[in-house]
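Spelled out, the chains give:
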Amino acid sequence: MTGQKDLKITFIGDIMCEKPLLKGAYREGGRFDFSPLFSAVKDKFGESSYVVGNLETVCAGQTAGYTDQVYSFNSPDSLIQAISEAGINLVTTANNHCLDRGLDGLKRTLDLLDQQGLEHTGTFRSEAEREKILVKDFEGFKVAFLAYTYGTNTRLNQELLGRGEEYAVNRLQCQAAEAGQGQANSLKARIAGPVLKRLSLERWLKFKQLTGFKPPRPSVDDSLEALDGSFLEQLQADLKRAGKVANYTICCLHSGGQFNLEPGRFSHHIFDFLAKNGADLVVGTHPHVVQRHDLFAGSMLGFYSLGSFSISPSSPYLVKAGLPCYSVMLHLYFKQKVLSKVTFTVLKAVEDKRGMLVIYPVNLLGHELVQGREISRLVEDVTFIYNRIMAGAKKKVKLQDEYLLWPGEFLINDDR
């Protein structure tokens, strides 16, 4: 890296397209326009050298059926076009929805990403593709990107990879073990089964939401039973290979309890494992809410969850107490081979009556709120998010562009 300009790498959370957003993006003639989604953050992306997000959907084509269920995603191809045009450079694709339309849907998504010039990692079309470590060379400073998911929603989508297809997804759990989770023959399961045969899951969730009958609750990722040792060995080997070809290794991890404000035992275990095996930074997604950051082994920064970039506030399964409509845009600043600064921007997803989302940096959103109470509430929410990611700080904050998280300097491996 030459000159005085810093290298700035930015991360955002889960790029999702649920039913409300799908409806809001629909245009006459069967087209879909997702450009409004990124309209308020596009300039912010433009300040960064490289922008990374997690694509939490597949684009398997219209014939595979666009998203029509709460937990099964397939989005129009124009979403990928909008992501590219917004200025995002890399999407991670290892997440629990990557097989929602099977292996064909996974591969078609990667083909579309290639066509739009978007780099990707975490899912693959072949064993040879999986063996390649994604390394970006920033004027001689090499950064490796890895992506792993806790699982692939096997119990819900019933998509099992066949023998010889294991290369397709970087995962941490055996699909057979994952499929068996939560299937005990309990009284609750015996009652829920007949009800769900008559009602869709979405209608059942909305019914519970309207009646107040057992509202959605956070899930805690405390179980280690389904962790597969062979996948951990593969992750360990990937980290070792990345360390040989890059100066800095970033692992994007999709795991954690949904809507849980505190990371559970599973997350702690994996973050510790990554710190002991050569990761320099870990960026987490999946819980749909912002969680704290920690420093591991004296040098590895770990962010348990950035929250969801584009979750729909009207979705019936949301646990709203954790403020899931807020997320964090994380910024890493490098000078030469030193991480010189870490900052973050707080984002909010704003939904209109049609379901269309616009993702705002909160300082820009503040300019559009003219009523005093709205501004006060926004500041309260941002303070809540700030103190959460700052691991329990108790600081009052104002609306601003970026908040300083880490001013320390870490020497980066200079021997590669």
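Visitor: Would you mind going over the overall build of the protein with me for this structure?
Guide: Within the protein one finds 14 helices and 17 strands. For the protein, buried positions account for 56% of its 416 residues. In the protein, 72% of the contacts between residues at least 6 apart in sequence involve partners at least 24 apart. Looking at the protein as shown, the accessible area adds up to about 18400 Å², and 50% of this sits on carbon and sulfur atoms.

Visitor: Before we go on, may I ask you to explain the sheet that holds strand E11 (residues 293–296) in this structure?
Guide: The strands making up a sheet are joined through hydrogen bonds of the backbone, oriented either antiparallel or parallel. In spatial order, the strands read E7-E8-E9-E10-E12-E11; together these six strands make up an open sheet with mixed pairing. If you trace the sheet from one side to the other, it starts and ends with strand E7 (134–138) and E11, each paired once. Neighbour-to-neighbour, the strand axes of this sheet turn through a mean angle of 20°, independent of strand direction. In the sheet, strand E9 (residues 248–254) pairs with strand E10 (residues 281–285) via five bridges, with the strands oriented parallel.

Visitor: Would you take a moment to explain the packing of aromatic side chains for this structure?
Guide: By convention here, two paired aromatic rings are described through the distance between centres and the angle between planes. Tallying each qualifying case throughout the model produces 17 aromatic pairs. Between Phe-141 and Phe-334, the aromatic rings sit 5.2 Å apart at their centres with planes inclined by 50°, giving tilted as the arrangement. Linking Phe-141 in strand E8 (residues 141–149) with Phe-334 in strand E13 (residues 326–335), this pair joins segments that are 193 residues apart in sequence. Following the ring pairs from residue to residue traces out a cluster consisting of Tyr-26, Phe-32, Phe-34 and Tyr-66. Stacked on the ring of Tyr-333, the Lys or Arg Lys-341 has its end atom at 4.4 Å from the ring centre.

Visitor: For this particular structure, what's the right way to read the pairing of E13?
Guide: Across a regular strand the side chains alternate sides, sitting on one face of the sheet and then on the other. Among the 10 residues that make up E13, nine are buried, leaving the element largely enclosed by the rest of the structure. With five bridges joining them, strand E1 (residues 7–15) and E13 adopt antiparallel strand pairing. Bridge pairing in E13 places Leu-7 opposite Phe-334. The pairing of E13 with strand E14 (residues 338–351) spans 10 bridges and is antiparallel. Note on E14: the bridge partner recorded for Tyr-326 is Lys-348. The hairpin formed by E13 and E14 contains two residues between the paired strands, and Gln-336 there has a positive phi angle of roughly 55°.

The rules behind these values
- Residues numbered from 1 in each chain as written.
- Predicted model: local features only at pLDDT ≥ 70, side-chain atom pairs only at ≥ 80, totals over all residues.
- Heavy atoms only, no water.
- Helix = DSSP H or I, 4+ residues; strand = E, 2+ residues; numbered from the N terminus.
- Buried < 20%, exposed > 50% of the residue type's maximum accessible area, 1.4 Å probe, protein only.
- Contact = heavy atoms within 4.5 Å.
- Areas by Shrake-Rupley, 256 points an atom, 1.4 Å probe, with all protein chains shown as cover.
- Pairing = 2+ DSSP bridges.
- Axes fitted to C-alpha atoms, helices over the stretch in contact; angles between N-to-C directions.
- Phe/Tyr/Trp six-rings, centres within 6.5 Å; stacked < 30°, edge-to-face > 60°.
- Lys NZ or Arg CZ within 6 Å of the ring centre and 35° of its normal.

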